[in-house]
Amino acid sequence: MKDVIKKINFKKIFNTTAWILVFAGLIFTLGFVQRKEDFIKGKNTQVNIDYSTGELFIDSEDILHFLKLRNDTIKNRELYKIDINRIEKALLTHPAIENAEISLSVDGNLKIDITQRTPLLRVFLPSGESFYIDKRGEFMPLSENYTARVLVAGGNISSTFAQASSFNYDKVKTNKAIADQTLLDELVELSRTIENDSLMSCMIDQVFINDKNEFELIPLICDHKILIGNCEDLENKFNKLKIFYREGLNHVNGWDTYASINLKYEGQIICSKKQTQTNEIKTPQP
């Protein structure tokens, strides 16, 4: 009998029993917490909006009103009935919202962190219709609350917002048929290049697409237009323009002399005077 008792591992039995009790207690506790949560109801919604980009398309009241219209408010609703994934997906359908992160606390408070979309340029169509293209290359309707101060594009642009919003910049860029028809891929590429150039972003106010589907830039401070043709080799064209401004116009006091500056041709800049005279100025490649 003593031998049998010796063979029994009491330490192992004790450890196993302890773990069973701990596990059972955990299940009981979780069940108790779950039952308690069933009686907790939603209280307040806190909306935080990132305004670091300077855009003011929406405020917290807009978000709360948007959720109320969709019946996605949490006030007095049991926590287990609140679907935060549904609320997040709803917010992402808002035309001014780029990203939304949502969390629901155990005491019934909902926290919403909003990142706004950032417009890159505003497009004006010959029909009078207007819309934004944001920095991701996606199309964005105008807002009744706020007008963004961005590059403006107009002229020979055929796509309506309804047509354009069915595809983003990446789709346009890879689809030659769409690209040839709309020029939207080149317009976005040009706008991004201007924005990333500290001097050009300060100088260029508007982009115009003429009847030849060529791009013309309208400076903010000078009374002339800059013809760049297509959007190939933009960096080189902009460098030629900077050299001309620095070494040409400054030396001859010619800021108001020319009606147009043509950057289309490699190795030269062709300027048309306001008196209908044309001068050809050859500049070295930067």
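The structure we're discussing is the one just above.
Criteria and cut-off values
- Residues numbered from 1 in each chain as written.
- Predicted model: local features only at pLDDT ≥ 70, side-chain atom pairs only at ≥ 80, totals over all residues.
- Heavy atoms only, no water.
- Helix = DSSP H or I, 4+ residues; strand = E, 2+ residues; numbered from the N terminus.
- Buried < 20%, exposed > 50% of the residue type's maximum accessible area, 1.4 Å probe, protein only.
- Areas by Shrake-Rupley, 256 points an atom, 1.4 Å probe, with all protein chains shown as cover.
- 1 Å grid on protein atoms, 1.4 Å probe; cavity = no way out; pocket = protein on both sides within 12 Å on 5 of 7 lines; lining within 4 Å.
- Points joined across faces, edges and corners; volume = space filled by probe spheres on them.
- Nonpolar A, V, L, I, M, F, W, Y, C, P; charged D, E, K, R; others polar.
- Pairing = 2+ DSSP bridges.
- Axes fitted to C-alpha atoms, helices over the stretch in contact; angles between N-to-C directions.
- Contact = heavy atoms within 4.5 Å.
- Core = buried A, V, L, I, M, F, W, Y, C linked by side-chain atoms within 4.5 Å.

Colleague: Help me out: how do you make sense of the overall build of the protein in this one?
Modeller: Of regular secondary structure, the protein possesses 10 helices and 13 strands. Each of the 286 residues in the protein was classed as buried or not, and the buried ones make up 37%. A total of about 17400 Å² of accessible surface is found on the protein, and carbon and sulfur atoms cover 53% of it.

Colleague: Would you explain the layout of surface pockets in this entry?
Modeller: Over the atoms a probe the size of a water molecule is rolled, and this reveals where empty space is left. The computed volume of the largest pocket comes to approximately 380 Å³. Lining the largest pocket we find 17 residues, and of these L120, R149, V150, L151 and S201 sit closest to its centre. At the level of secondary structure, the elements contributing two or more residues to the lining of the largest pocket comprise β4 (119-124), α8 (184-195), α9 (198-203) and β8 (204-209). Per element, the largest residue contribution to the lining of the largest pocket is 3 residues, and it comes from α8. When its residues are assigned to classes, the lining of the largest pocket shows 8 nonpolar, 4 polar and 5 charged. Of the voids in this model, the second largest pocket is the one considered here, and its volume is about 220 Å³. What lines the second largest pocket is a set of 13 residues, among which H94, P95, S143, E144 and N145 lie closest to the centre. The class makeup of the residues in the lining of the second largest pocket is 8 nonpolar, 3 polar and 2 charged.

Colleague: Quick question: what am I supposed to make of the sheet that holds strand β3 (residues 110-116) here?
Modeller: Two modes of strand pairing occur in sheets, parallel and antiparallel, and in both the strands are linked by backbone hydrogen bonds. An order of β1-β3-β2 is seen for the 3 strands of this open sheet, with the pairing classed as mixed. Sheet topology places β1 (45-50) and β2 (97-104) at the edges, where each strand pairs with a single neighbour. Ignoring which end each strand starts from, the neighbouring axes of this sheet average 15 degrees apart. Contacts from helix α3 (residues 60-69) reach β1, β2 and β3, with the element oriented near 130 degrees to β1. Strands β2 and β3 of the sheet are contacted by helix α4 (residues 84-91), whose axis makes an angle of about 160 degrees with β2.

Colleague: For this particular structure, what's the right way to read the nonpolar core?
Modeller: One recurring pattern in soluble globular proteins: nonpolar side chains tend to sit buried together. Core analysis: the largest hydrophobic core is formed by 36 residues, its most contacted members being L187, L190, I194, V207, F215 and L217. With 23 residues, the next largest nonpolar core counts V47, I63, L110 and M140 among its residues.

Colleague: Just to check I follow, could you spell out the pairing of β4 for this structure?
Modeller: Remark: a regular strand shows side chains that alternate across the two faces of the sheet. The element β4 is extensively covered by neighbouring structure, given that 5 of its 6 residues are classed as buried. Where β4 meets strand β5 (residues 130-134), 5 bridges bridge the pair, whose relative direction is antiparallel. Paired with R122 across the bridge in β5 is Y132. Judged from the 3 bridges that link them, β4 and strand β7 (residues 151-155) form a sheet pairing that is parallel. Bridging from a neighbouring strand, R122 pairs with V152 of β7.

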